[in-house]
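Residue-level listing of the chains:
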Amino acid sequence: SLLAQARVTRQAYHAMVGEAVAAGELAAGTDVAAVARAVDTAVNGSLMTWAVYREGPAADWIERDVRTVLAPHLPGRTAGTTTAARRTARPAARR
């Protein structure tokens, strides 16, 4: 059923997020269940939005949106830091 598949998918996201935290790819203390749910929501929302706009490959939409969801949970990221503030903090040569 659709519900059973959705539960399996959510469990897979939970496992992947947990593995990313354990590997240091996401910050220690990340709420694994909440981030897994947000990733699940982002993937589904990306597919729905892509189905309307059909601009580029669906995989690009998904990747962009999942990266946005994960960005606040990357190691070394200060909570509340905006994209503009991070850009400003970079040396000019890296822009």
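Residues numbered from 1 in each chain as written. Predicted model: local features only at pLDDT ≥ 70, side-chain atom pairs only at ≥ 80, totals over all residues. Heavy atoms only, no water.

Chemist: Could you give me a rundown of the pattern of salt bridges, with the residues and numbers involved?
Modeler: A complete count under the given rule lists three salt bridges for this structure. A salt bridge links Arg 67 to Glu 63; its shortest N-O distance comes to 2.9 Å. In this pair, Arg 67 and Glu 63 both sit in helix 3 (residues 58–70), four residues apart, roughly one turn of the helix. Its salt-bridge partner being Arg 64, residue Asp 65 comes within 3.9 Å of it at the nearest N-O pair. (Salt bridge = Lys/Arg side-chain N within 4 Å of Asp/Glu carboxyl O. Helix = DSSP H or I, 4+ residues; strand = E, 2+ residues; numbered from the N terminus.)

Chemist: Describe helix 1 (residues 2–22), and please don't skip the residues or the numbers.
Modeler: Each full turn of the α-helix corresponds to 3.6 residues, which orients residues three or four apart in the same direction. Over its 21 residues, helix 1 runs 30 Å from end to end, which matches the ideal 30 Å to within 8%, given 1.5 Å per residue. When helix 1 is considered as a whole, its buried residues turn out to be Tyr 13, Val 17, Ala 20 and Val 21. Looking down the long axis of helix 1, one finds its buried residues gathered within 100° of arc, a one-sided arrangement. Residues of helix 1 that are exposed and point over 90 degrees away from its buried face: Arg 7, Gln 11, Glu 19 and Ala 22. Contact partners of the buried residues in helix 1: helix 2 (32–53). Phi for Gly 24, located one or two positions after helix 1, is positive at around 80°. (Expected span 1.5 Å × (residues − 1). Buried < 20%, exposed > 50% of the residue type's maximum accessible area, 1.4 Å probe, protein only. Arc of directions from axis to C-beta. Contact = heavy atoms within 4.5 Å.)

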